[in-house]
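Residue strings, one per chain:
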Amino acid sequence: MAPEALNQTEATLLAEPGDGRTLVLRFTGRLDSRSTGRLWRQATQALKERRPERVVVEAAGVDYCDGSGLGLFLEIKLCGRAGGFAVEIRGLRPEFGQVLGAFAESDFVIRRPPPKSPLRVAQEVGAVTAVVWRDLSSQVVFLGELCAALVKSARHPRRVRWKDAVRVAELAGANAVGIIVLIGVLFGLILAFSSAMPLRKFGAEIYVADLVAISLVRVLGPFITAIILAGRSGSAFAAELGTMKINSEIDALTTMGLDPMSFLVVPRVLAAVFVAPLLALLTNLAGLVGAAFVLLSLGFPLVAIRHHMQSAVDAGDLLGGLFKIVVYGAIVSGVSCLRGLQTRTGPSAVGISTTRAVVSSIILLVVAEGIFSVLFYCLGI
Amino acid sequence: MDAEPIIRVENVTAGYDDLVVLEDISFEVGRGEVFVILGGSGCGKSTLLNHMIGLIPPMAGRILIDGDDMVSADGDDRHRILKKIGVMFQTGALFGSMTLHENVRLGLEEFTDLPREAADLVTSMKLDMVGLREFGHHMPSEVSGGMQKRAAIARAMALDPQILFMDEPSAGLDPITSAELDDLVLSLARSLNMTFVIVTHELPSVNAVADRVIMLTEQDKGIVAEGTPADLERQTDNPLVWQFFHRKAGHAAGKTQGTIGATGQ
């Protein structure tokens, strides 16, 4: 390359009138991405103000011209096309002229897309309803496929990927013990403390033990456990399956003749259903210990606390709670796997799937809890 | 080509943690030169490239870009050096949350004072150069792998860097697009005096564009041959180079050791 091209000469633009209504734009120096912005404004300003019939671009003094500089020359040509004036570029070095010549002006005339007409309210409601309907049907289809895969697994237990199931059980169960105990104890403490205050007015503080035991064992223990499971493991399932989907691993499984449902979903659901009751028992125990701390600090003897807790709940309450958590475990793991398998493409897709997994899990948990409450009330459990 | 090289690699030992991939290699790349790094899989081509673009500091030796050492530079100095280079990564590495147009425009928005419409026009020109002008509004996930690669080239060229590093630019492209890309490289090198450092396997592409080639091998952990593509094709001293240029499997040259990495791929 010619050595002067490397000189850091200041780029300048002189806009001077020529014959008649001709405008001469005289460029000199180095037109690169640093200097072109300024010249661009000057040039477009001059073209707007002078309204010429003909423009001559004198480019003989241009030492160097990169993509931005070439862009400026193209812009002047496009302005000419739009404003109905002729543009002549003189003296541009052949090597730059050659690159500029490769761009056809007509390709760069901006074609604005027609503005979208705003959707009407009814259309929007319809569109959202269709989305929700499709999502619900996909959940029903998924539930059916999952049940079929579980039945198949029950028939051929050797085909189940137990190694995966054990790994997931460890991740979702054993590794969650710390947080389950911590939240259980704190929850018991808070529940006992906040209910002890109003009950004190009636001199009935000892019934805090009954209250905490009933609410934990029947409802809150399983429910909190399920929420932790959704946040900790449901999100992990969705992210793991979502990443596999993006990497075409799910497609690879399918083309190898392996059913993703049996191969990936069944071990996760089995593991979750297995560990969820154990975690719920731990939450219950930790919550009761937390409540006992509060009652001990209020001056009640441990034996009285234990007596009240034992008499407040029976085996039916405990089993009812455990039954719920088994269902919750299946809901959380199932819907999280579904969201993972529904992952689309792009870097934000896994994040979206994870969010959807947790949100869907929590919504379904609340709905299921509502159904169980009514059902248990009607059955007198 | 100017007398002063734009890249100078001096006694560099390259690798990751304890693993030495390349040992004590030195070479220079001239201004405006199309420089190709050849070699079989696993011989350290991409490692060398990652060192040259300053992602990994060399274990020993130094790499000078236009006279500056990127490893010792920091803050504004490093930024100034980085502006001189553009990198096209092997996988494209486009930002998935932006359209192709936004990907290419990003550098122009951040580092120049071009008006918005100017940045848009220059972006369209860059996309036009790689044949993607009509696809600017697509997200990377909506276009094919080859198109992503071309968009990545457009992004690397957005600021007209002095040096463009390309990791396997033509892998995954059809022969026509690949040939067009070769033409583009030659035209930019000749007209805008851009320097290219290209890592590739594609022999037709090497023959079409390369001014000079170095070949690395896993066994030697270094440069086994250097010269123009014609020099390397003619030379018969090193069986690996011969195999590579004549697309022969390892046993064809009577090799006994495993040379799977050096077969013409």
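Residue positions are given per chain, counting from 1 as you read along its sequence in written order. Here every chain gets a letter starting at A, and every ligand a number starting at 1, in the order they are written. Only residues with pLDDT of at least 70 get local features here, since the model is predicted, and only at 80 or more are side-chain atom pairs given and counted; chain-wide, interface and lining totals rely on the full set of residues.

**Describing the overall build of chain B**
Reasoning step 1: Helix and strand content of chain B: 9 helices and 10 strands.
Reasoning step 2: At 19 Å, chain B has a C-alpha radius of gyration in line with the 18 Å of a compact globule built from 265 residues.
Reasoning step 3: Each of the three principal axes of chain B carries a C-alpha extent, and together these read 60 × 40 × 35 Å.
Reasoning step 4: What counts as a contact here is a pair of residues whose C-beta atoms, placed from the backbone, lie within 7 Å. The long-range share in chain B, meaning contacts at least 24 apart out of those at least 6 apart in sequence, stands at 62%. Helix numbering and strand numbering both begin at the N terminus, where a helix is a DSSP run of H or I of at least 4 residues and a strand a DSSP run of E of at least 2. Computation of the radius of gyration draws on C-alpha atoms alone. For the globule rule, the value is 2.2 Å times the number of residues to the power 0.38.

**A short note on the nonpolar core**
Reasoning step 1: Take the buried Ala, Val, Leu, Ile, Met, Phe, Trp, Tyr and Cys residues, join any whose C-beta atoms are within 7 Å, and the set you get is a nonpolar core. Residue burial here comes from a neighbour count, namely the number of other C-beta atoms, placed from the backbone, that lie within 10 Å of the residue's own C-beta, with 20 or more meaning buried, 12 or fewer meaning exposed, and in between meaning partly exposed. Core analysis: the largest hydrophobic core is formed by 104 residues, its most contacted members being Ala154(B), Phe165(B) and Met215(B).
Reasoning step 2: Those residues in contact with Ala154(B) that lie beyond four places of it in its chain are Val104(B), Lys126(B), Leu127(B), Met129(B), Val130(B) and Leu132(B).
Reasoning step 3: Val168(A), Leu191(A), Leu270(A) and Ala292(A) belong to the second largest nonpolar core, which has 62 residues in total.

**Quick word on the environment of Val206(B)**
Residues and elements named next belong to chain B.
Reasoning step 1: Relative to the elements of secondary structure, Val206 occurs in helix α7 (residues 203–209).
Reasoning step 2: For the pair Val206 and Met194, spaced 12 residues apart in sequence, the C-alpha separation works out to 17 Å.
Reasoning step 3: Beyond its immediate sequence surroundings of up to four residues, Val206 is in contact with Val36, Leu38, Thr200, Val213 and Pro229.

**Thoughts on the confidence of the model for chain B**
All names here are of chain B.
Reasoning step 1: Across chain B, pLDDT averages 83, with 92% of residues at or above 70.
Reasoning step 2: In predicted models, pLDDT denotes the confidence assigned by the predictor to each residue on a 0 to 100 scale. The spread of mean pLDDT over the elements of chain B runs between helix α9 (residues 239–246), the lowest at 79, and strand β8 (residues 195–199), the highest at 92.
Reasoning step 3: Note that residues 252–265 has pLDDT below 50 and, in this model, 34 contacts with residues that lie over four places away or in other chains.
Reasoning step 4: In the predicted assembly, ipTM is 0.73 and pTM is 0.70.

**A short note on the interface of chain A and chain B**
Reasoning step 1: Each side of the interface is counted separately: chain A has 28 residues, and chain B has 26 residues.
Reasoning step 2: Examining the composition of the side of chain A that touches chain B, we find that 6 residues originate from one element, helix α2 (residues 67–83) of chain A, more than from any other.
Reasoning step 3: When the residues that make up the side of chain A that touches chain B are grouped by side-chain class, the tally is 10 nonpolar, 10 polar and 8 charged. In the scheme used here, Gly and all other residues not listed as nonpolar or charged are polar, with Ala, Val, Leu, Ile, Met, Phe, Trp, Tyr, Cys and Pro taken as nonpolar and Asp, Glu, Lys and Arg as charged.

**Describing the domain arrangement of chain A**
Reasoning step 1: What counts as a domain boundary in this text is fixed by an automatic or database domain assignment. Domain annotation of chain A identifies domain 1 (3–108) and domain 2 (159–379).
Reasoning step 2: Taking only C-alpha atoms into account, the centre of domain 1 of chain A sits 68 Å from that of domain 2 of chain A.

**Observations regarding the confidence of the model for chain A**
Reasoning step 1: In the predicted model, chain A carries a mean pLDDT of 89, and 96% of its residues have values of at least 70.
Reasoning step 2: Note on residues 1–7 of chain A: pLDDT is under 50 here. Beyond four places in sequence and across chains, it has 7 contacts.

**Here we look at the sheet that holds strand β4 (residues 60–65) of chain B**
All names here are of chain B.
Reasoning step 1: Only when DSSP finds a minimum of two bridges between them are two strands counted as paired. Read across the open sheet, the 4 strands follow the order β2-β1-β4-β5; overall the sheet is antiparallel. The open sheet is flanked by β2 (19–30) and β5 (68–69), the only strands paired with a single partner.
Reasoning step 2: In this sheet, β4 lies alongside strand β1 (residues 5–16) in antiparallel orientation, the contact comprising 5 bridges. Bridging across to β4, Glu10 finds its partner in Arg62.
Reasoning step 3: On the sheet, helix α1 (residues 45–52) packs against β1, β2 and β4 and is oriented at approximately 120° with respect to β1. Orientation is described by axes fitted as lines to C-alpha atoms, over the contacting stretch for helices, and by angles from 0 to 180 degrees between their N-to-C directions.

**Concerning the pairing of strand β2 (residues 22–31) of chain A**
Residue and element names in this part refer to chain A.
Reasoning step 1: Alignment of strand β1 (residues 12–17) against β2, held across 6 bridges, turns out to be antiparallel. Note on β2: the bridge partner recorded for Leu13 is Phe27.
Reasoning step 2: Hairpin geometry of β1 and β2 is characterised by an intervening segment of 4 residues between the two adjacent antiparallel strands and by a positive phi of about 60° at Gly20.
Reasoning step 3: Of the strand pairs in this sheet, β2 and strand β3 (residues 54–65) are connected by 9 bridges, and their pairing is parallel.

**A short note on the sheet that holds strand β3 (residues 34–39) of chain B**
Residue and element names in this part refer to chain B.
Reasoning step 1: Overall, mixed pairing links the 6 strands, which are arranged β6-β7-β8-β3-β9-β10 in an open sheet. Edge positions in the sheet fall to β6 (85–88) and β10 (222–227), since each has one partner strand and no second. On average, each strand axis in the sheet is inclined to that of its neighbour by 15°, with strand direction left out of account.
Reasoning step 2: Taken together, the 4 bridges between β6 and strand β7 (residues 163–167) define a ladder with parallel strand orientation. Residue Val87 lies in a different strand from β7, and its bridge partner there is Phe165.

**Focus: the packing of helix α9 (residues 260–297) of chain A against helix α11 (residues 315–341) of chain A**
Residues and elements named next belong to chain A.
Reasoning step 1: Contact geometry of α9 with α11 gives a least axis separation of 8 Å together with a crossing angle of 145°. Of the two elements, α9 crosses α11, and the hand of that crossing is right-handed. Contacts between α9 and α11 pair Pro260, Leu264, Val265, Arg268, Val269, Ala272, Val273, Ala276, Pro277 and Ala280 from the former with Gly321, Leu322, Ile325, Val326, Tyr328, Gly329, Ala330, Val332, Ser333, Gly334, Cys337 and Leu341 from the latter.
Reasoning step 2: Here the residues of the contact of α9 with α11 are counted per class, giving 17 nonpolar, 4 polar and 1 charged. Should the near helix be turned counterclockwise from the far one by less than a right angle, the crossing is left-handed, whereas a clockwise turn marks it as right-handed.

**Here's the deal with the packing of helix α6 (residues 177–200) of chain A against helix α7 (residues 208–246) of chain A**
All names here are of chain A.
Reasoning step 1: For the pair α6 and α7, the least separation of the axes is 10 Å and the interaxial angle reads 145°. At the point where α6 passes α7, the crossing takes the right-handed sense. Between α6 and α7, the residues in contact are Ile179, Ile180, Ile183, Phe187, Gly188, Leu191, Ala192, Ser195, Ala196 and Leu199 and Val208, Leu211, Val212, Ser215, Leu216, Ile224, Thr225 and Ile228, respectively.

**Points about unusual backbone geometry**
Reasoning step 1: Unlike most non-glycine residues, Ser248(A) shows phi in positive territory, near 65°.
Reasoning step 2: Tracing the chain through its elements places Ser248(A) in the loop between α7 and α8 (249–255).
Reasoning step 3: Phi angles above zero are rare outside glycine, and Asp160(B) is one such case at about 45°.
Reasoning step 4: Positionally, Asp160(B) belongs in the loop between α5 (145–157) and β7.
Reasoning step 5: The class of Asp160(B) is buried, set by 22 C-beta atoms lying within 10 Å.

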